[in-house]
Amino acid sequence: MGESREDVPLTNLDQELFPGAGATKRELVDYLDGVRDRILPGLRDRPLSVIRVLRGQDRFMQKNLPKYTPDWVERVPLWAEASKREVSYALCNDRRTLLWFANQRAVEYHPTLFRIGQPERTTHLVMDLDPPEGAPFKTVVAAARLVQRALADLGLSGVAKTSGAKGLHIFVPVDASAEEVAAAARALAVRAEQLDPAVATTAYLLEEREGKVFLDSTRSGGATVVAAYSPRARPGVPVSFPVGWDDLDNVTPGDFTIRTALERLGADDPWAAAMPKPQELPAELVEQGRAIPIPRVVAMHEGKRRKKAQRESS
């Protein structure tokens, strides 16, 4: 007789989660079940993409629910402009759905920054801090302090979490349109960069970053960001974990894994406890951002320019 929880059959629990994981599928299920009351609020009513790792296959991001998805999994149809089709996204609003995803070897959970019914409103401004290859974590922390200072200068506050990889995410709860948040994020990144250009950069192209921490302001609109408490499909199965500003100097991303995170949390939910109420974006920040070119568009045009130059030279 196989195991089940909430009437969800659980299979192959004692297999390694994926090659090099250093953890079993059972440990993933147990972790997600143990953290459900803290991860579910961040997923609720947000179209969800997951990264799954099936046996013998490369990891892949799943947006469209497969045909064999149980009828009781809530879903929402959204038009995908890139693929010119309607995509059926899951809504992971309860323990049963979370367990079903865990049994599907869904390791990572990437919700949208908007809730269903309000796709034009973005709930958080997100700054993704991406360090250069091989940089120590203290480099990322130094960049995070710049963002924190830039926010404080504007009368704003945010919370930080490890990305679960090598960087940090800073979340600023807001009540604004997607366009306003995108513009404000660009301006915030520029302001943080100007506080110490030797530490941080807004250069979108990798070769232009000069070994500095990249302040990625492009997580807005229809973008997704890995949820707080989500595991990551990396060796050791690290977790995206909330870290207080006063604790940043005393941790590394590797401190938080599906084997250690629950013990560190105890009965607490530091993400919910530290999250401020939604804040109003200063008008001058939004206006400044509207005058800053969108990084991806700049990079696209630069790529086209380089290809043209290469063709002409050859």
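Source: prediction; values computed, not measured.

Engineer: When you look at the pairing of strand 8 (residues 121-130) in this model, what are you seeing that I'm missing?
Structural biologist: With 8 of 10 residues buried, strand 8 is to be regarded as a mostly interior element. Bridge count between strand 8 and strand 10 (residues 168-177): 8 bridges; the pairing is antiparallel. Bridge pairing in strand 10 links L125 to V172. Relative to strand 12 (residues 213-216), strand 8 is paired through 3 bridges, and the arrangement is antiparallel. Directly across from L129, in strand 12, lies its bridge partner L215.

Engineer: I keep staring at the environment of G22 and nothing clicks. Help me out?
Structural biologist: With respect to the helices and strands, the residue G22 is situated in the loop between strand 2 (8-10) and helix 1 (25-34). According to the relative accessible area criterion, G22 is partly exposed, its value standing at 41%. As for G22 and V8, which are separated by 14 residues in sequence, their C-alpha atoms are 25 Å apart. Not counting the four nearest positions on each side in its chain, G22 is found in contact with E16, E27 and R259.

Engineer: Looking at this structure, how should I read the side chain of R105?
Structural biologist: Here R105 shows up in the loop between helix 3 (95-103) and strand 7 (106-111). Put simply, R105 is tucked away with no salt bridge, and the nearest opposite charge, on E16, sits 8.4 Å away. At 3.3 Å, the side chain of R105 forms a polar contact with the backbone oxygen of E16. In this view, R105 contacts N12, Q15, E16, L17, K25, I51, R52, V53, L54 and R55; residues no more than four positions away in its chain are not counted.

Engineer: In this structure, what is going on with the sheet that holds strand 13 (residues 242-243)? I would like to understand it.
Structural biologist: Strand pairing in a sheet relies on backbone hydrogen bonds, with the paired strands running either antiparallel or parallel. Here 6 strands make up an open sheet; going across it, the order is 11-12-8-10-9-13 and the pairing mixed. Unpaired on one side and paired on the other, strand 11 (200-201) and strand 13 mark the two borders of the sheet. Here strand 9 (residues 159-162) pairs with strand 13 via 2 bridges, running antiparallel. Across the sheet, the residue bridging to A160 is V243, located in strand 13.

Engineer: Any chance you could explain unusual backbone geometry here in plain terms?
Structural biologist: Among all residues save glycine, negative phi is the norm, and among peptide bonds the norm is trans. Its identity as a non-glycine residue notwithstanding, E210 has a phi of 55°, on the positive side. Assignment of secondary structure puts E210 in the loop between strand 11 and strand 12. Residues other than glycine seldom take positive phi values, yet Y229 does so here, at roughly 80°. By secondary structure assignment, the location of Y229 is in the loop between strand 12 and strand 13.

Engineer: Please explain the environment of Q194 as it appears in this structure.
Structural biologist: When you line up the elements, Q194 lands in helix 5 (residues 178-195). Sequence separation between Q194 and A150 is 44 residues, and the spatial gap between their C-alpha atoms is 9.4 Å.

Engineer: Sorry, what's going on with the pattern of salt bridges here?
Structural biologist: Close approach of charged atoms lets side chains of opposite charge pair. Applying the stated criterion across every chain, the model contains 17 salt bridges. Among the ionic pairs, R26 bridges to D14, the shortest N-O distance being 2.9 Å. Residue R26 is found in helix 1, and its partner D14 is found in the loop between strand 2 and helix 1; the two are separated by 12 residues along the sequence. Overall, D14 belongs to the exposed group, its relative accessible area being 58%. Residue R145 pairs with D249 through a salt bridge whose shortest N-O separation is 3.2 Å. Residue R145 is located in helix 4 (residues 137-153), and its partner D249 is located in the loop between strand 13 and helix 6 (261-265); the two are separated by 104 residues in the primary sequence. Given the relative accessible area of 24%, R145 is considered partly exposed.

Procedures and definitions
- Residues numbered from 1 in each chain as written.
- Predicted model: local features only at pLDDT ≥ 70, side-chain atom pairs only at ≥ 80, totals over all residues.
- Heavy atoms only, no water.
- Buried < 20%, exposed > 50% of the residue type's maximum accessible area, 1.4 Å probe, protein only.
- Helix = DSSP H or I, 4+ residues; strand = E, 2+ residues; numbered from the N terminus.
- Pairing = 2+ DSSP bridges.
- Contact = heavy atoms within 4.5 Å.
- Lys, Arg positive; Asp, Glu negative; His and termini not counted.
- Salt bridge = Lys/Arg side-chain N within 4 Å of Asp/Glu carboxyl O.
- Polar contact = N/O pair within 3.5 Å; in protein donor to acceptor, adjacent residues only side chain to side chain.

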